[in-house]
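# Descriptive analysis of the structure
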Amino acid sequence: MNFKLFLLGACVGTSILSGCNDELSSIGTSIQPDDDSIAVFTDTFRIQTTTVALDSIYARTTTAQLGELYDPLYGNLKSDFLCQFYCPEGFKFAHEPIDGRIDSVRFRIFYANTGSGSRNGSWVGDSLAPMRAEVFRVTSPLVKSYYTNTDPADFCDMTESLGAQTYTAYNALVSDSVRNDDYYTPSIVVNLPTELGQRFYDETINNPASFASQEAFNEFMPGVYVTTTFGSGNILSVSASRVQFYYTYMTQGYLGNDSTAVGVESFASSQEVIQLSHFQNSDIDHLLADEEFTYIKTPAGVCTKVIIPTKQIASLMADRIINQVPLTLHAMPQEDWEYAFDAPSTLLVIPEDSVRTFFENGKVEDNLTAFIATNSTTDTKTYTQTNLANLVKKQIDEHPDEDLRLLVIPVTQVTENNGYTSYTTAVNHYMAPSGIKFRKDDEVMLFHIISSKYAGEEI
């Protein structure tokens, strides 16, 4: 029987694309005895889709989003972040400031240098929208939550601003020669109080224990909260953030005479410390209530739930092998107004109750319980996962009285190549603003399961 099942799977695998209907059909008789012919079935079922809120996502990352943006369809999105800074163990200033004095303190917010425009990877929205970044002091230790519904007010005194700076994503004051330099990275520079830097330097002299470990440093300098307090129309993709202490020190010149030089000590957010992304979505109730379409909005907005009727499927498949369960989601064209959201290119299809552990444990798609659906390149935009058979079979075996409930979530894949093939090393939530609208009319809610068995024999 095991050999028969092997032949059955192999034969059906080569015959699926030939097309079948709901009638019993025999194939493979040229390689098996007459009483072992294979019957292949195509059965049609109806799925259900709805839009559900995804108000928080797991985002353990050193990148961030900063700004605020309103879309006529997808509503408002505000993005900001909290971060700590990495401190080398036993840190000391590289040079002694003249008179032990710090000259200035700057906080830099870096974003990718990929040119101007609304869809370039550096930002989404109007590149010339005036915005104001503001930095607040973190007063309570950050916790390793990594979920994006963390309330910054739990960790900050929002009345204690450290500094603010107005900016536009496209800085027209930068010359084209500088902008086109491979080493240029645009940034927002926020001037912080010099007293903050002076206190920092004095601590290295008077209490070096504050720099003996990362934990001790976090107690002395818990971090900052970075947000926007003015403007709307643009969200930056922040690649790094850094606090810098500038000072003047004495050095020896080329001719042996004393001269002055400018020193800088820099502390950046990194993987060794906590960074918490924070997203607020509003004006999305109409997406949840829409009965004609389902929606996806990122980051941490809404996603599409798919219900596959495995209770109905189970009774029909009792004596069959499930060979292929394709899932296709049909998207509507993107909106054509200025700065309309782009559609995400990659979707994760995963059981609703597995989302939390999937991202927290750093899993990748395995085509058993987690699947990737990719965007077609045709004018008719579709996202297809060719075979959910393993997941449907697992649901029938373990929970035959419950329908299979899936969430469809935009993700980014991190891949590597070993010289022979490319493979996924990480799957993360898609963090940039995006949106897509799926049809849910009768025509696209039908899906087909291909199954098989030996004709005239119970399996």
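Residues numbered from 1 in each chain as written. Predicted model: local features only at pLDDT ≥ 70, side-chain atom pairs only at ≥ 80, totals over all residues. Heavy atoms only, no water.

## Examining helix α8 (residues 389-398)
Condition: Only protein chains enter the accessibility calculation, which uses a 1.4 Å probe; a residue whose area is less than 20% of its type maximum is buried, one above 50% is exposed, and one in between is partly exposed. Helix and strand labels come from DSSP, where a helix needs a run of H or I of at least four residues and a strand needs a run of E of at least two; each type is numbered from the N terminus. This arc corresponds to the set of directions leading from the helix axis out to the C-beta atoms. In what follows, a contact means two residues having at least one pair of non-hydrogen atoms within 4.5 Å.
Listed in full, the buried residues belonging to α8 are Ala389, Leu391, Val392, Gln395 and Ile396. For α8, the angular spread of buried residues about the axis comes to 170 degrees, placing them on one side. Those residues of α8 that are buried lie in contact with α6 (310-316), β17 (321-324), β19 (346-351), β20 (371-375) and β22 (404-417).

## Side note on the confidence of the model for the protein
Rules: In predicted models, pLDDT denotes the confidence assigned by the predictor to each residue on a 0 to 100 scale.
A residue-level look at the protein finds 88% of positions with pLDDT of 70 or above and a mean pLDDT of 88. Throughout residues 1-33 the model reports pLDDT below 50, and contacts reaching past four residues in sequence, or to other chains, amount to 51 contacts. Residue range residues 114-119 is modelled with pLDDT below 50. Its contacts to residues more than four positions away, or to other chains, number 16 contacts.

## A closer look at the nonpolar core
Rules: Think of a nonpolar core as a cluster: buried Ala, Val, Leu, Ile, Met, Phe, Trp, Tyr and Cys residues, connected wherever their side-chain atoms sit within 4.5 Å.
Counting residues in each nonpolar core, the largest one holds 43 residues, and the members touching the most others are Leu82, Leu142, Leu287, Tyr295, Leu348, Phe358 and Phe359. When residues of this core are traced back to their parent elements, those giving at least two are β5 (75-83), β8 (131-138), β14 (275-282), β15 (293-298), β16 (302-308), β19, α7 (355-360) and β22. If we skip the residues at most four places from it in the chain, Phe358 touches Leu348, Ile350, Lys363, Val364, Glu365, Ala370 and Val427. Ranked by size, the runner-up nonpolar core spans 40 residues in total, among them Leu66, Phe85, Ile188 and Val243.

## Quick look at the side chain of Thr424
Where we set the bar: Any N or O atom pair separated by 3.5 Å or less is treated as a polar contact, with the protein-specific requirement of one donor-capable and one acceptor-capable atom, and with residues adjacent in sequence counted only for side-chain atom pairs.
Here Thr424 is to be found in strand β23 (residues 422-429). Only 3.2 Å separates the side chain of Thr424 from the side chain of Gln413, close enough to count as a polar contact. With near-sequence residues (within four places) excluded, Thr424 lies in contact with Val364, Glu365, Gln413, Val414 and Thr415.

## Quick look at the pairing of β19
Going by this rule: Strand pairing is defined by DSSP finding a minimum of two bridges between the two strands.
Among the six residues that make up β19, six are buried, leaving the element largely enclosed by the rest of the structure. Every second residue of β19 is oriented toward a common face, with Thr346, Leu348 and Ile350 on one face and Leu347, Val349 and Pro351 on the other, all of them buried. Both β19 and β20 contribute to a ladder of four bridges, which runs antiparallel. The residue of β20 that forms the bridge with Leu347 is Ala373. Pairing of β19 with β22, which is carried by five bridges, proceeds in the antiparallel orientation. By the bridge assignment, Leu348 is partnered in β22 with Ile409.

## Topic: the side chain of Ser269
For Ser269, the location among the structural elements is in the loop between β13 (258-268) and β14. Using a relative accessible area of 11% as the deciding quantity, one classes Ser269 as buried. Separated by 3.5 Å, the side chains of Ser269 and Gln275 make a polar contact. Residues contacting Ser269, with those up to four places away along its chain left out, are Cys83, Gln84, Phe85, Ser241 and Gln275.

## So, the pattern of salt bridges
Side chains carrying opposite charge are able to pair once their charged atoms draw close together. Defined as follows: A pairing counts as a salt bridge when a side-chain nitrogen of Lys or Arg comes within 4 Å of a carboxyl oxygen of Asp or Glu.
As enumerated under the stated definition, the model contains 13 salt bridges in all. For the salt bridge of Arg101 with Asp103, the shortest nitrogen-to-oxygen distance reads 3.8 Å. For Arg101, a relative accessible area of 42% puts it in the partly exposed group. For Asp103, a relative accessible area of 33% gives the class partly exposed. Taken together, the shared-partner salt bridges connect Asp99, Arg101 and Asp103 into one network.

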